[in-house]
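An overview of the molecular structure
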Amino acid sequence: MEWKTIPALSNQAIHLVERIFEENHDITIFSDNIAQPLSAQVASLDLARKTLILRVFCPAGNIEDYLPNGLISFDLEKNSRDDSPLLLCFEKLQATHERIYSSLFEIRCTLADTLLITVKPGGVRVPFLLGMSASVTLDVYTDSLTINARLCNLSLGGCRLQVPLEKSMPLTIHQQIPNIHIQFPNGESFRAKGSIRNMRPFGSGRYMAVGIRFIDLDRETRQRLLYFITESEAELARRMGMENRRVGISPLYLTTSHARKSVNSSNKRNMLPPMAHAIKEVARQQHIILHYLKNERPFPEDILYDGADSLLHLVESDRHQFLYTLRYIGDEVTWVRHSVRVAALLGDILLPQPGLIGDAREAVAGILLHAMGKPLLVNEQLPTLDTNLRSSQKERLKHHVRALRQQLHRVGWHPGPVLSCIIDDINERLDGSGYPAGKEGEALSKLVRTASVIKIVDTLTHARNGRPALSPLDAYRWVYGNKGYDRQCLNRYVRRYGLYPIGSLVKYSGGFLAWVMRLDREGSPDQVRVVKNLAFLDSKLDTILADKDIQQIGKLEAVVDPANFQL
């Protein structure tokens, strides 16, 4: 079959790229050899010569590592207020580079004739652009775990999917997917088995690009797939304004009640304060590190320490604002939220202590890394960490320290003594009731004792496995009565954060809910952000009150769980 529209589509594609450059967008240069991507800006685009010049700041100066064999790959992300982000991937374009100044470079790219649609051994590969969409459901484990994704391109050989970063945890390269269900807007669909060929972070946002190879296609399914590709190629040509053999829209893209509405989850993130963006970036990096560990790629040490440095810098720059802003990671998956909060609070406690400040960077990095062991254990017997776990699943999770150690050994990364101490001992207890080695008493350092208290308080004050969240006071009482934790470390924690910690949600007798923004010398809130009047559950408030103005909303009653009020 001849694909006569491809050269013309390529010319139209360059104009599409030009329009994206004129709007709000991000460009991310990636390389299989380096974990940390580079951000780039457009210096110029020459439509006649089909050349694109990117300006890039490369701190390490190793720009050649991002241009293996003179080829560049980058993601182009168009950010929109109204629609889901548009993500385009340009792979292996011919490129040359020139150093402008120190670590500033210009990269000249030659845009290929098959800029968007490409012809591969498996057939033509059609990208889904300009509002074209198809929903994808992956049955990762039969009858136990399903993941929703978005179709980025489609060919006879396979497809590329855009998977939310937090949903990508169970996926690994070479993994067999027993059922891939692709559904078009008019309700037509097909199913196939597949194998994950490649995975990588997609752009600078919160997505993973997952390449799937279809396997065991029978003749009927292959013919149906060819029909979907042909219709999609023609529809793309129509949407790009080309003269086409079809006048109207393809039947595939006529919306029915089966079609899913796209939700722009980036809108909420775009409204976050600057410090919240920085903290959310540390959370995003947790997913990236896990991806590299699971797929046994070189350990991204720079990303780990970049996260630790960011948290320490933020707490030093404005402690009260930092503690308040930590509430914005409440919507992260449990293991990420827990690791980032504990790491942040550990840094906050260590920095004022002369005897421990020298270990702060390694200790914070250790907390960020120690959480990776549990998601490494996810499999068909333990498909998720966020539901009520059976006894056998809880017992399996106790092996997470060994799982992390084994994976670090496989990728050839050996942490230093402080970081190793955090990984090995954070789950040990003074009375010997902890794991993995049952250490007790003086075998546990002051650093580990401090981190253990922070970790258990954070665990208790958040709902988990069917257990409701405790108030800070009830959590303190629980820890105080447990012989496994150091009471001196607990007392230091209570003095520093009080009964109404900054960033917690509190209820007032007038029926108002408010976030604590600042405490007075007695540990009571003296600045709050009022967000809800319980007499009007469907309405939202956003009012900052301070000092005596807080009396307007009544007397302080208790710390409450934001999840109970959809906050």
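Residues numbered from 1 in each chain as written. Predicted model: local features only at pLDDT ≥ 70, side-chain atom pairs only at ≥ 80, totals over all residues. Heavy atoms only, no water.

The name an unreviewed UniProt entry assigns to the chain is Metal-dependent phosphohydrolase, from the organism Billgrantia desiderata.

A few points about the overall build of the chain
Selection rule: Under the scheme used here, helices are H or I runs from DSSP no shorter than 4 residues and strands are E runs no shorter than 2 residues, and both carry numbers assigned from the N terminus. As a reference, a globule follows 2.2 Å times the number of residues to the power 0.38, and the radius of gyration itself is taken over C-alpha atoms. In this scheme, a residue with accessible area under 20% of its type's maximum is buried, one over 50% is exposed, and one in between is partly exposed, where area comes from a 1.4 Å probe on protein chains only. We call two residues contacting when some pair of their heavy atoms lies within 4.5 Å. Areas reported here follow the Shrake-Rupley algorithm with a probe of radius 1.4 Å; residue values treat only the protein chains shown as occluding. Neither His nor the chain termini are counted; the positive set is Lys and Arg, and the negative set is Asp and Glu. Note on charges: their place is set at NZ of Lys, CZ of Arg, CG of Asp or CD of Glu.
Counting its regular elements, the chain contains 15 helices and 19 strands. Since a compact globule built from 567 residues should have a radius of gyration of about 24 Å, the 26 Å found for the chain is in line with a globular shape. Each principal axis of the C-alpha distribution contributes one length, and for the chain these read about 75 × 55 × 55 Å. Taking all 567 residues of the chain together, 54% fall into the buried category. Intrachain contacts of the chain at a sequence separation of at least 6 include 61% that bridge at least 24 residues. Surface exposure of the chain reaches about 26,800 Å², of which carbon and sulfur atoms provide 48%. Each charge class in the chain can be summarised by its mean position, and for the 70 positive and 62 negative side chains these summaries are 3 Å apart.

Focus: the pattern of salt bridges
Filter applied, for reference: A pair is scored as a salt bridge if a Lys or Arg side-chain nitrogen falls within 4 Å of a carboxyl oxygen belonging to Asp or Glu.
Scanning the model with the defined rule gives 24 salt bridges in all. The residue Asp458 makes a salt bridge to Arg341 at a minimum N-O spacing of 2.7 Å. Here the residue Asp458 occupies a position in helix H13 (residues 446-460), and Arg341 occupies one in helix H7 (residues 334-350), the gap between them amounting to 117 residues. On the accessibility criterion, Asp458 (2% relative accessible area) is buried. Judged by its relative accessible area of 19%, Arg341 is buried. Linking Arg477 and Asp474 is a salt bridge whose minimum nitrogen-to-oxygen distance equals 3.6 Å. In this pair, Arg477 and Asp474 both sit in helix H14 (residues 472-480), 3 residues apart, roughly one turn of the helix. Each member of the salt-bridge network shares a partner with another, and the members are Arg206, Lys280, Asp331 and Glu332.

Quick word on the side chain of Asp458
Applied cut-off: Contacts described as polar in this section are N or O atom pairs within 3.5 Å, which, within protein, must combine one atom able to donate a hydrogen with one able to accept it, while residues neighboring in sequence count only if both atoms come from side chains.
Side chain to side chain, Asp458 and Arg337 meet in a polar contact 3.2 Å long. If sequence neighbours within four positions are ignored, Asp458 has contacts with Arg337, His338, Arg341 and Val342.

Some details on the UniProt feature "domain: PilZ" (unreviewed entry) in the chain
Inclusion rule: UniProt positions are given in the numbering used here, feature names are shortened, and annotations may be inferred rather than shown by experiment.
Mapped onto this structure's residue numbering, the UniProt feature "domain: PilZ" (unreviewed entry) falls at residues 133-229. Helix and strand shares over residues 133-229 are 11% and 57% respectively, and the end C-alpha atoms of the span are 13 Å apart.

Thoughts on the pairing of strand S17 (residues 525-533)
Defined as follows: Pairing between strands is defined by DSSP: at least two bridges between them are needed.
Counting buried positions over the 9 residues of S17 gives 9, a clear majority of the element. The sheet contact formed by strand S16 (residues 512-519) and S17 spans 7 bridges and is antiparallel. Bridging from a neighbouring strand, Phe512 pairs with Asn533 of S17. Counted along the chain from S16 to the antiparallel partner S17, the turn is 5 residues long, and its residue Gly523 has a positive phi close to 85°.

Structural notes on the nonpolar core
What counts is decided by this rule: The criterion is simple. A nonpolar core is a set of buried Ala, Val, Leu, Ile, Met, Phe, Trp, Tyr and Cys residues joined through side-chain atoms within 4.5 Å.
Counting residues in hydrophobic clusters, the biggest one holds 172 residues, and the most contacted among them are Leu154 and Leu369. Setting aside residues up to four positions removed in sequence, Leu154 forms contacts with Val124, Arg125, Val126, Phe128, Cys159, Ile182, Phe184, Phe214, Leu225, Phe228 and Ile229. Counting 7 residues, the second-largest nonpolar core is a separate cluster that includes Phe30, Cys89, Phe202 and Tyr207.

Side note on the environment of Arg518
Of note, Arg518 is situated in strand S16. A relative accessible area of 30% places Arg518 in the partly exposed class. Note: C-alpha distance between Arg518 and Asn465 (53 residues apart in sequence) is 31 Å.

Focus: the packing of helix H8 (residues 360-370) against helix H12 (residues 417-425)
Where we set the bar: Here an angle of 0 to 180 degrees is reported between the N-to-C directions of two axes, which are lines fitted to C-alpha atoms, with helices fitted over the stretch in contact. Each angle receives one of four descriptions, namely roughly parallel if under 35 degrees, roughly antiparallel if over 145, roughly perpendicular if within 65 to 115, and oblique otherwise. The handedness criterion is simple: a crossing whose near helix is rotated anticlockwise from the far helix by less than a right angle is left-handed, and one whose near helix is rotated clockwise is right-handed.
Running from N to C, H8 and H12 cross one another at 40°; their axes reach a closest spacing of 8 Å. Viewed along their axes, H8 and H12 adopt a mutual orientation that is oblique. Handedness of the H8/H12 crossing: right-handed. Residue-level contacts link Glu362, Ala363, Ala365, Gly366, Ile367, Leu369 and His370 of H8 to Val418, Leu419, Ile422 and Ile423 of H12.

Structural notes on the packing of aromatic side chains
Rules: Ring pairs are drawn from Phe, Tyr and Trp, using the six-membered ring of Trp, whenever the two centres fall within 6.5 Å, and their geometry is named by plane angle: stacked under 30 degrees, edge-to-face over 60, tilted for the rest.
For the structure on display, the rule yields 12 aromatic pairs. Measuring from ring centre to ring centre gives 6.0 Å for Phe184 and Tyr253, while their planes differ by 90°; the resulting arrangement is edge-to-face. Here Phe184 is found in the loop between strand S12 (176-183) and strand S13 (189-202), whereas its partner Tyr253 is found in the loop between helix H2 (219-239) and helix H3 (266-270), with 69 residues between them in sequence. For the pair shown, Phe184 and Tyr253 are each scored as buried.

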